[in-house]
Amino acid sequence: MNQAYGIVAVSAAVVATLVIGSTGLRISRTTSDFYVASRTVPPYLNAMAISGEYLSAASFLGIAGLVAAQGVEMLWFPVGYAAGYLVLLVFVAAPLRRSGAYTLPDFADSRLESRAARRVASVLVVGVGWLYLLPQLQGAGLTLGLVTGAPRWLGGVLVAVVVTLAVAAGGMRSITFVQAFQYCLKLTALLVPAVFLVLAWHGDPRPAGALDEPPAFRRHTRVTVETTVLIRIEAPLRTVVSGAVDGRGYDDGRLVLEPGVHEVRGGTTLRFAPGTPVPERESGDGRRDGASSWAAPLSGGRDDHPLYTTYGLIFATFLGTMGLPHVLVRFYTNPDGRAARRTTVIVLALVGGFYLLPPLYGLLGRIYAPDLLLTGTTDAAVLVLPERLVGGLGGDLLGALVAAGACAAFLSTASGLTLSVAGVLSQDVLPSLGVRHFRLATLLAVAVPVTVSVAASKLPVANAVGLAFAVAASSFCPLLLLGIWWRGLTAPGAIAGLLTGGGSALAAVALTIAGPLTGPLSDGWAHTLLAWPAVWSVPLGFLTMILVSLATRDRIPAGTEAVMARLHLPERPTGQDAPPTRRGVTTP
Amino acid sequence: MRRQLRLGLVAFGVLVALLGLLPLAFAALPDPADSPGSALIVWAVLGVAAYPALVVIGRWYVVRAERNERDAADRTEGG
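The structure reproduced in this document is the subject of the present report. Please read these numbers as outputs of a predicted model, since none were measured by experiment. All residue numbers here refer to positions counted from 1 along the written sequence of the relevant chain. Chains and ligands are labelled sequentially in the order written, the chains with letters from A and the ligands with numbers from 1. Reporting in this predicted model follows two pLDDT cut-offs: at least 70 for local features of residues, and 80 or more for side-chain atom pairs to be given and counted; totals over whole chains, interfaces and linings ignore these cut-offs and use all residues. Note that water and hydrogens are dropped before the side-chain values are worked out from all heavy atoms of the structure.

**Describing the overall build of chain B**
Part 1 of the reasoning: Only DSSP runs of H or I reaching four residues or more are called helices, and only runs of E reaching two or more are called strands; each is numbered from the N terminus. The secondary structure content of chain B amounts to 3 helices and 0 strands.
Part 2 of the reasoning: Secondary structure elements of chain B occur, N-terminal to C-terminal, as α-α-α.
Part 3 of the reasoning: In chain B, which comprises 79 residues, the proportion classed as buried is 34%.
Part 4 of the reasoning: Long-range contacts, defined as pairs at least 24 residues apart, comprise 70% of the intrachain contacts of chain B with a sequence gap of at least 6.
Part 5 of the reasoning: Only the protein chains shown count as cover for residues, and all accessible areas are computed by the Shrake-Rupley method using a 1.4 Å probe. Roughly 4,400 Å² of accessible area belongs to chain B as shown, and the carbon and sulfur atoms make up 67% of that amount. Each residue is placed in one exposure class: buried if its accessible area under a 1.4 Å probe, protein chains only, is under 20% of its type's maximum, exposed if it is over 50%, and partly exposed if it falls in between. Any two residues having at least one pair of non-hydrogen atoms within 4.5 Å are treated as being in contact.

Written out as structure tokens, the structure is:
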């Protein structure tokens, strides 16, 4: 990829973010402006902002990469990400807006009249926010490293600095414009190259069937493996090796690999002739990394129980969306409950439209960039495709556009997350002193995940997105659904449910991520249950919340009837209700 | 409130019926090694058809919910 174009494109995206962010500085004077744009954002703009914020690096790069590597099953990710908004719409959107709270802890506080519930919710919001920030920063490192040749940690730090500046400077009003702009940028950055890619694919004299398997190299290909990998070979395969294979060193040596599993040392370069089938990558413990039955559903890659895994994914994404802090905080910027609903429908359309594109990149990536399957960096498929398919100046320019879009993807999600984490930190953790403290909180909100991502850059944090969704689904989903639709919810019940549901999901996925488990947890059902906790942890959260609430029936908050009426009755046409009390925020 | 909840549950039920049962349906499809058509169906359903369906359900829900709210407001003002 041409580095000069890439650097220019990424810099342009960053500068545009900062400029649009700083124009908001003059408008946002009061605390209310700062947090929720004084609630005057029209639906279409707000919907674009929500979509822009939601479509993260995982959507922009990750889905195409997953589809290229693991096939059609991975299409459940975008479907779930979009369907989460439908669940949010039918159960949560309008009542939540009418609750008059700024954040999830605010909601817990006003609905349950309990400081303790507020504190538990705050801790969980910060936890989920940090979990979700981590993969954004690492994705930034990957992209910027690929585009500009910068070291991995630099990308994460750069994004963190830009986000801190933008958020601390302008707050929500400016962020709204930034996010809306970034949705447009992201859509353009995938749509325009996609048109050219499809044309190039169509004009290819030897078009390969998209669903052919196994994929084959289409021309002479050099593949340099960064870390040591195991590959599985089905039929004898000719290659030219510089480096070490199976413990023997070669220097441009011809080698015929016999069927079986071979170890390719990190740093080794393999060269393949056109038509050679792409060797299959094996994960360390001998499970297949899954290119074999790529086009079929439920082949499930490396997991042993594909049907369960699929439902784990569906539970986490359908129900987790409503619990993501950066998504919820945007709903408070709607003028009223009806606008909140309409906004959500527009979001569904915008997000769904966007998700038509990444699978296309996944398909093409498998045909034209099969070497990524071998090196394991399939996340880069979106970035390298324009150069591979279109080539020349046009390919460079399209590649630069895609890079700018990827940059927008992690900038927007990271700034939204930072904003909501900082909001909670400044209200509930640091003593509240207004806007100045918010800036301090922003610094803290970014500093922690940056430190972790720099310190632990080898951690398999791609899983962290799934973890964030699973934790959100098992803690905030029960709190919101029961809080909005059930009068019997009590503060002890809510706290118990948040802790059991969220805590068990957190523990389960932390165990799987923490590393090479040994013994009974490393394989089979136990492993699958831990890796996809949502199927059992969400019902657990609900059940705990309901049972403990029933047991503490005498502690139903006194103001429940009034709160429920406010949640479910439409606003007066004038919309001039007395502002609900908010602790810790100076209402102008 | 009860009507809004029922409406929400109906919309959610449609979602579950449409998407939630898909994995089971896919599991029942013939092995794509035998019939290449079935793989194509999965791609079309998950990759394209799912999104318009979501928007249509959402749109339907909003129209109904707003009608419910208008009815409720009429009743309060009338009585």
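**A short note on the nonpolar core**
Soluble globular proteins tend to bury their nonpolar side chains together.
Part 1 of the reasoning: Here, nonpolar core refers to any group of buried Ala, Val, Leu, Ile, Met, Phe, Trp, Tyr and Cys residues whose side-chain atoms link them within 4.5 Å. Formed by 164 residues in total, the largest nonpolar core has its most connected members in Tyr54(A), Phe60(A), Val92(A), Tyr355(A), Phe476(A), Leu19(B) and Leu54(B).
Part 2 of the reasoning: In terms of residue count, the dominant contributor to this core is helix 16 (residues 392-429) of chain A (17 residues).
Part 3 of the reasoning: Sequence-distant contacts of Leu54(B), defined by excluding residues within four places in its chain, comprise Val79(A), Ala82(A), Ala83(A), Leu86(A), Leu348(A), Leu15(B) and Leu19(B).
Part 4 of the reasoning: In this structure, Ala69(A), Val225(A), Val245(A) and Tyr250(A) belong to the second largest nonpolar core, which totals 19 residues.

**A look at the interface of chain B and chain A**
Part 1 of the reasoning: Between chain B and chain A, the residue contacts involve 36 residues of the former and 41 residues of the latter.
Part 2 of the reasoning: For the chain B and chain A pair, buried surface summed over both sides reaches about 3,500 Å², with 79% attributable to carbon and sulfur atoms.
Part 3 of the reasoning: In the sections that follow, a salt bridge refers to a side-chain nitrogen of Lys or Arg positioned within 4 Å of a carboxyl oxygen of Asp or Glu. In this assembly, chain B and chain A are joined by 4 salt bridges.
Part 4 of the reasoning: Among the salt bridges present, the one from Arg98(A) reaches Glu69(B), with a minimum N-O distance of 3.0 Å.
Part 5 of the reasoning: Polar contacts here mean pairs of N or O atoms no more than 3.5 Å apart (in protein, one a potential hydrogen donor and the other a potential acceptor; neighbouring residues in sequence count only if both atoms are side-chain atoms). Where chain B packs against chain A, one counts 6 residue pairs in polar contact (both at pLDDT 80 or more).
Part 6 of the reasoning: A per-element tally of the side of chain B that touches chain A places helix 3 (residues 36-78) of chain B first, with 19 residues.
Part 7 of the reasoning: Three classes are used: nonpolar for Ala, Val, Leu, Ile, Met, Phe, Trp, Tyr, Cys and Pro, charged for Asp, Glu, Lys and Arg, and polar for all others, with Gly counted as polar. Here the side of chain B that touches chain A is composed, by residue class, of 28 nonpolar, 5 polar and 3 charged. Note on terms: buried area is the combined drop in 1.4 Å-probe accessible area of two parts once they are placed together, counting the loss on both.

**Some thoughts on the packing of aromatic side chains**
Two measures describe an aromatic ring pair: the distance that separates the ring centres and the angle between the ring planes.
Part 1 of the reasoning: Stacked, tilted and edge-to-face pairs are distinguished by plane angle, under 30 degrees for stacked and over 60 for edge-to-face with tilted covering the rest, among Phe, Tyr and Trp rings (Trp via its six-membered ring) whose centres lie within 6.5 Å. This structure, assessed with the given rule, holds 9 aromatic pairs over all chains.
Part 2 of the reasoning: An angle of 80° between the planes, with centres 6.3 Å apart, marks the rings of Tyr54(A) and Tyr81(A) as edge-to-face. Taken as a pair, Tyr54(A) in helix 3 (residues 43-54) and Tyr81(A) in helix 5 (residues 76-91) lie far apart in primary sequence, 27 residues in all. One exposure class covers both Tyr54(A) and Tyr81(A), and it is buried.
Part 3 of the reasoning: Grouping aromatic residues by their ring pairs yields a cluster made of Tyr54(A), Phe60(A), Phe77(A), Tyr81(A), Tyr85(A), Tyr132(A), Phe354(A), Tyr355(A), Phe469(A) and Tyr51(B).

**Regarding the packing of helix 7 (residues 104-112) of chain A against helix 8 (residues 115-148) of chain A**
All names here are of chain A.
Part 1 of the reasoning: Axis geometry follows a simple rule: fit a line to the C-alpha atoms, using only the stretch in contact for helices, then measure angles between N-to-C directions, giving values from 0 to 180 degrees. Closest axis-to-axis distance for the helix 7/helix 8 pair is 8 Å, and the angle between their directions is 160°. With respect to helix 8, the element helix 7 is oriented roughly antiparallel. The two elements helix 7 and helix 8 cross, and the hand of that crossing is right-handed. Where helix 7 abuts helix 8, its residues Leu104, Pro105, Asp106, Ala108, Asp109 and Leu112 lie against Arg115, Ala117, Arg118, Ala121, Ser122 and Val125.
Part 2 of the reasoning: Of the residues belonging to the contact of helix 7 with helix 8, the class tally is 7 nonpolar, 1 polar and 4 charged. Each angle gets one of four labels, with under 35 degrees taken as roughly parallel, over 145 as roughly antiparallel, 65 to 115 as roughly perpendicular, and the rest as oblique. Handedness of a crossing is defined here by the sense of rotation of the near helix relative to the far one, left-handed for an anticlockwise turn of less than a right angle and right-handed for a clockwise turn.

**With respect to helix 3 of chain A**
Residues and elements named next belong to chain A.
Part 1 of the reasoning: The first and last C-alpha atoms of helix 3 sit 16 Å apart over 12 residues, in line with the 16 Å expected at 1.5 Å per residue.
Part 2 of the reasoning: Among the 12 residues that make up helix 3, 9 are buried, leaving the element largely enclosed by the rest of the structure.
Part 3 of the reasoning: Those residues of helix 3 not exposed but buried are Leu45, Asn46, Ala47, Ala49, Ile50, Ser51, Gly52, Glu53 and Tyr54. Multiplying 1.5 Å by the residue count of a helix minus one yields the expected span of that helix.

**Observations concerning the environment of Asp106(A)**
Residue and element names in this part refer to chain A.
Part 1 of the reasoning: Within the element layout of this structure, aspartate 106 appears in helix 7.
Part 2 of the reasoning: Aspartate 106 sits in the buried class, given a relative accessible area of 4%.
Part 3 of the reasoning: Linking aspartate 106 and alanine 121, residues 15 residues apart in sequence, is a C-alpha distance of 8.9 Å.
Part 4 of the reasoning: Once you skip the residues sitting within four places of it in the chain, aspartate 106 turns out to touch Ala101, Arg118 and Gln427.

**Notes on unusual backbone geometry**
Part 1 of the reasoning: Look at Glu113(A): it is not a glycine, yet its phi comes out positive at around 50°.
Part 2 of the reasoning: Its place among the elements puts Glu113(A) in the loop between helix 7 and helix 8.

**Examining the packing of helix 13 (residues 357-368) of chain A against helix 15 (residues 381-389) of chain A**
Residues and elements named next belong to chain A.
Part 1 of the reasoning: Where helix 13 meets helix 15, the closest approach of the two axes is 10 Å, and the angle between their N-to-C directions is 55°. One finds that helix 13 runs oblique with respect to helix 15. Considering how the two elements wind past one another, helix 13 and helix 15 form a crossing that is left-handed. Residues Tyr361, Leu364, Gly365 and Tyr368 of helix 13 form the contact with helix 15, whose participating residues are Val382, Leu385, Arg388 and Leu389.
Part 2 of the reasoning: Looking at side-chain class alone, the contact of helix 13 with helix 15 contains 6 nonpolar, 1 polar and 1 charged residues.

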